[in-house]
Amino acid sequence: MLLRAYIVLSSLTLVALCTAAFRQARPQNLGEINVERINVIDRDGTLRLVLADKDRMHPGVVNGVTIDRARPTAGLIFFNDEGDEVGGLTYTGSIRNGERNASGSLTFDQLKQDQTVGLRYIEEHGKRSAGLEVWDRSDAPISDLIEQLNAANTIADPVAREEAVKAVRAKAPPPPRRVFVGKDTDRSAAIALADAAGNPRLKLIVEGDGQARIEFLDGHGKVTRRVLPE
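Structure report, in brief. (Residues numbered from 1 in each chain as written. Predicted model: local features only at pLDDT ≥ 70, side-chain atom pairs only at ≥ 80, totals over all residues. Heavy atoms only, no water.)

**Observations concerning helix α3 (residues 158-171)**
Helical geometry: 3.6 residues make up each α-helical turn, so side chains three or four residues apart lie on a common side. Heads up, the rule is: Counting from the N terminus, the helices are DSSP H or I runs at least four residues long and the strands are E runs at least two residues long. Any helix carries an expected span of 1.5 Å times its number of residues minus one. Burial here depends on accessible area, computed with a 1.4 Å probe over protein chains only, as a share of the maximum for the residue type. Under 20% is buried, over 50% is exposed, and the range in between is partly exposed. The arc in question is the one spanned by the directions pointing from the helix axis to the C-beta atoms. We call two residues in contact when some of their heavy atoms are within 4.5 Å.
Across its 14 residues, α3 extends 20 Å between first and last C-alpha, which sits within 8% of the 20 Å expected from 1.5 Å per residue. Among the residues making up α3, those that are buried are A164, V165 and V168. Each buried residue of α3 sits inside an arc of 100° when the element is viewed along its axis, so together they form one side. What points out from α3, more than 90 degrees from its buried face, is the exposed set V159 and A170. Packing partners of the buried residues in α3 comprise α2 (143-152).

Set out below in structure tokens:
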């Protein structure tokens, strides 16, 4: 009798578990939800996407080294197969004491480095720019810089901490901007192509008043030739 009861109970439990599993596997329509952060992960636990508000945004990580910083920007941050941050979509915007400050960016990071392609809008100090930008990045992993900055930020004395951070940043390889296509802060529409040092060498410009020109520049920013409409 006990054996029969055990078999019946086991069978009912198995049916209940299978039914629950089936229900969980079915897509659910949640209608509307309020969340502060959503993490999307692979089956092995690798983080692939973070959707978050400005208070819980992921600070960024490369080679397992997490940046020790606040990141008060809402949006989406993407991560690659190794869990490194590889860019994202972020927005800011506010008016305080009559001062307008806003930004929007869609960026793509170089492997083990910072952003190398970006669509950005920036507004500050009464000026706006918007466009496509391309940067050169070092082959050295940015995790080395992150570790040094994290160590500098642990210094208790604020003056010493600031000096240490400046020293670390000064040693970092510069990220020259090679391409800009967009509207610059002077309201001109421009295409600017730069050399490996980030010096603009060729510009195609249409001013806000409609005047157009092509400029060739040397490595010091001096215009060596200017082409105007006939």
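**What about the pairing of strand β12 (residues 200-206)?**
For clarity, the cut-off: We treat two strands as partners when DSSP finds at least two bridges between them.
The sheet contact formed by strand β11 (residues 189-194) and β12 spans six bridges and is antiparallel. Following the sheet pairing, A189 is matched in β12 by V206. In sequence, β11 turns back onto β12 through a hairpin of five residues, with G198 there showing a positive phi of about 90°. Here β12 runs beside strand β13 (residues 212-217); their pairing, made up of five bridges, is antiparallel. Bridging across to β13, L202 finds its partner in F216. Taking the residues between adjacent antiparallel strands as the criterion, β12 and β13 are bridged by five residues, where G210 takes a positive phi near 100°.

**Let's talk about the nonpolar core**
Our working rule: As used in this record, nonpolar core signifies buried Ala, Val, Leu, Ile, Met, Phe, Trp, Tyr and Cys residues forming a set joined through side-chain atoms within 4.5 Å.
Residues L47, V50, A52, M57, V61, I77 and F79 constitute the largest nonpolar core, which totals seven residues. Listing elements by their share of this core, those giving two or more residues are β2 (47-52) and β5 (74-79). With three residues, the top contributor of residues to this core is β2. In this structure V61 touches T66, F79, G83, D84 and E85, once residues within four positions along its chain are discounted.

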